[in-house]
Amino acid sequence: MLKYFYLTKRQWLGILKWSLYGLLTLLVLLLQTVVLSPLSIFGAKLAPLPILIVCVCIREGPEKGGVYAILATLFWCLSGADFGNLSVAVIPVGAMLSAVLCQVYLTKRLLPTSLCCLGVSWINASAIFVFKLILPPSLAADNYWRVLLPGVLLSMLFMPIHYALVKLIGRIGVRDAL
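Residue indices begin from 1 for each chain and proceed along its sequence in written order. In keeping with the model being predicted, local features are shown solely for residues with a pLDDT of at least 70 and side-chain atom pairs are shown and tallied solely at 80 or more, while totals for entire chains, interfaces and linings include all residues. Remark: hydrogens and water are excluded; side-chain values derive from all non-hydrogen atoms of the structure.

### Quick look at the pattern of salt bridges
Filter applied, for reference: Salt bridge, as used here: a side-chain nitrogen of Lys or Arg that lies within 4 Å of a carboxyl oxygen of Asp or Glu. Helix and strand labels come from DSSP, where a helix needs a run of H or I of at least four residues and a strand needs a run of E of at least two; each type is numbered from the N terminus. Relative accessibility under 20% of the residue-type maximum defines a buried residue, over 50% an exposed one, and the middle range a partly exposed one, all with a 1.4 Å probe and only protein chains included.
Following the criterion strictly, the structure yields one salt bridge and no others. Lys17 is the salt-bridge partner of Glu60, the closest N and O atoms lying 3.4 Å from each other. Placement of the pair is Glu60 in helix α2 (residues 49-60) and Lys17 in helix α1 (residues 9-35), with a sequence separation of 43 residues. Each member of the pair, Glu60 as well as Lys17, carries the same accessibility label: buried.

Structure below.
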């Protein structure tokens, strides 16, 4: 019976890679919710998790990365994120479109990945801002320029760290597969 549960070295490396992606996601989620949530820089809140999700999706491709993006945003939503249900709709679609764009037209280098991360993070933050502006009108429209855009730009400071970590984790099992 146990001979059917045998895993090859490549399968073990795949399990290790996705476990490290999950651990990195959990650490970034904890950093965002515990450390960065009470901290605001001129009223701007930092959100490094969407940037990590897009980096992983671009690195792993639209199929595997898309499944990761859906699961990671769902986990983020269930952790109690503000308008997390909207992020479940916006981030995976943006991440998969970014992965397709980088796979077909661009490269998986730092600059195209940075632009895709900036775009998805800005669209997600803008969608949340619009819903906060419309549903319970508790925001002023000028907060878009004073708070939202600086928050997205300051969140991009995490992008080189995420990119380097995702690139290191993404190399696991590549050499052995060839």
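### Considerations on the environment of Tyr21
For the record, the criterion: Residues count as neighbours in contact if any of their non-hydrogen atoms are within 4.5 Å of one another.
Inspection of the secondary structure assignment puts Tyr21 in helix α1. Separated by 11 residues in the primary sequence, Tyr21 and Gln32 have C-alpha atoms spaced 16 Å apart. Every residue in contact with Tyr21, bar those within four places of it in the chain, is listed here: Val56, Arg59, Glu60, Tyr68, Val166, Ile169 and Gly170.

### Here's the deal with the side chain of His162
Note on placement: His162 falls in helix α7 (residues 159-170). Aside from chain neighbours lying at most four places away, what touches His162 is Val28, Pro48, Ile51, Leu52 and Cys55.

### Side note on the side chain of Ser87
Heads up, the rule is: Polar contacts, as counted here, are pairs of nitrogen or oxygen atoms within 3.5 Å of one another; within protein the pair requires one atom able to donate a hydrogen and one able to accept it, and residues that are adjacent in sequence qualify only if both atoms are side-chain atoms.
Relative to the elements of secondary structure, Ser87 occurs in helix α4 (residues 84-104). A distance of 3.1 Å separates the side chain of Ser87 from the side chain of Asn124, its partner in a polar contact. With residues near it in sequence (within four places) discarded, Ser87 still touches Thr73, Trp76, Pro92, Asn124 and Ile128.

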